Amino acid sequence: DAKTTQPNSMESNEEEPVHLPCNHSTISGTDYIHWYRQLPSQGPEYVIHGLTSNVNNRMASLAIAEDRKSSTLILHRATLRDAAVYYCILRRNNDMRFGAGTRLTVKP
Amino acid sequence: DTAVSQTPKYLVTQMGNDKSIKCEQNLGHDTMYWYKQDSKKFLKIMFSYNNKELIINETVPNRFSPKSPDKAHLNLHINSLELGDSAVYFCASSQRGQIAEAFFGQGTRLTVV
């Protein structure tokens, strides 16, 4: 139902880059790719979104495959505060459904 | 200033009771949502309202009834609470459309005993 597939968990070392993959092979032309993360005991927070081109903001970068069937969220230097569950979502109009997400563990 | 606020933060109640969770956003957004996050941490959309009109109504029991008195508020009323209703409920809001960023509240942890 969520239409996205992500690894259950990933680990990273502090200060190293992290690449979080997401597959969305059934994406339609009007779906935007959104990423959110949920820190422990908090509500989800927006990270980044894109349609076709790669995107950068102060939190992360989003690399979108040319066929749009996959994308990768890139944290350039992971910190301990980046430990969270990261969700990749296909957003169509007001519909925003979450999958299981990837739990990112950051090791000092 | 909290953008999306939910009350109460914690709610412990007995089976069979009726309870409400309130949500307010001060961002001027048109669209509001309710999500349920169960013990396995899956975030499942329950309802979505746009300008006080229900636009998404997932398969949730009729005991759950959302009410949107105005664009800034979306309350969730639950009748005849059951043990399986225990979860964290999140309210969210966004502008209309697929490029809009959604803002989430801090959640309401409901425990039914």
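Residues numbered from 1 in each chain as written. Chains lettered and ligands numbered in written order. Predicted model: local features only at pLDDT ≥ 70, side-chain atom pairs only at ≥ 80, totals over all residues. Heavy atoms only, no water.

Asker: Even after reading the chapter, I still don't get the sheet that holds strand 7 (residues 64–70) of chain B, so can you show me in this structure?
Answerer: Residues and elements named next belong to chain B. The antiparallel open sheet is built from four strands, whose spatial order is 1-3-8-7. Only two strands of the sheet have a single partner each, and these edge strands are strand 1 (4–7) and strand 7. Neighbour-to-neighbour, the strand axes of this sheet turn through a mean angle of 20 degrees, independent of strand direction. With four bridges joining them, strand 1 and strand 3 (residues 19–25) adopt antiparallel strand pairing. In the strand pairing of strand 3, Thr 7 is matched with Lys 22. (Pairing = 2+ DSSP bridges. Helix = DSSP H or I, 4+ residues; strand = E, 2+ residues; numbered from the N terminus. Axes fitted to C-alpha atoms, helices over the stretch in contact; angles between N-to-C directions.)

Asker: Help me out: how do you make sense of the interface of chain A and chain B in this one?
Answerer: Interface size, as often reported, equals the accessible area lost upon joining of the parts. Contacts between chain A and chain B engage 22 residues on the former and 26 residues on the latter. Scanning the region where chain A abuts chain B turns up one salt bridge. Across the pair Arg 97 of chain A and Glu 58 of chain B runs a salt bridge whose closest N-O atoms are separated by 2.9 Å. Taken together, chain A and chain B are joined by 10 residue pairs in polar contact (both at pLDDT 80 or more). In terms of residue count, the dominant contributor to the side of chain A that touches chain B is strand 3 (residues 32–38) of chain A (four residues). Residue composition of the side of chain A that touches chain B, by class: eight nonpolar, nine polar and five charged. (Contact = heavy atoms within 4.5 Å. Salt bridge = Lys/Arg side-chain N within 4 Å of Asp/Glu carboxyl O. Polar contact = N/O pair within 3.5 Å; in protein donor to acceptor, adjacent residues only side chain to side chain. Nonpolar A, V, L, I, M, F, W, Y, C, P; charged D, E, K, R; others polar.)

Asker: What's the story with empty space enclosed by the protein in this structure? I'm lost.
Answerer: Over the atoms a probe the size of a water molecule is rolled, and this reveals where empty space is left. All names here are of chain B. Under the definition given, this model contains one cavity of 30 Å³ or more. The calculated volume of the largest cavity comes to roughly 30 Å³. As for the largest cavity, its lining consists of Asp 30, Met 32, Tyr 49, Asn 50, Asn 51, Lys 52, Ser 68, Asp 70, Lys 71 and His 73. Listing elements by their share of the lining of the largest cavity, those giving two or more residues are strand 5 (43–50) and strand 7. (1 Å grid on protein atoms, 1.4 Å probe; cavity = no way out; pocket = protein on both sides within 12 Å on 5 of 7 lines; lining within 4 Å. Points joined across faces, edges and corners; volume = space filled by probe spheres on them.)

Asker: Please explain the packing of aromatic side chains as it appears in this structure.
Answerer: We describe a pair of aromatic rings using the distance from one ring centre to the other and the angle between the two ring planes. Enumeration according to the criterion identifies nine aromatic pairs over all chains in this entry. Ring centres of Tyr 36 of chain A and Tyr 46 of chain A lie 5.7 Å apart, and the angle between their planes is 75 degrees; this geometry places the pair in the edge-to-face category. One end of the pair, Tyr 36 of chain A, is in strand 3; the other, Tyr 46 of chain A, is in strand 4 (residues 45–50), and 10 residues separate them in sequence. Taken individually, Tyr 36 of chain A and Tyr 46 of chain A each receive the classification buried, so the pair is uniform in this respect. For the ring pair Phe 98 of chain A and Phe 104 of chain B, a centre distance of 5.9 Å and an interplane angle of 80 degrees mean the geometry is edge-to-face. (Phe/Tyr/Trp six-rings, centres within 6.5 Å; stacked < 30°, edge-to-face > 60°. Buried < 20%, exposed > 50% of the residue type's maximum accessible area, 1.4 Å probe, protein only.)

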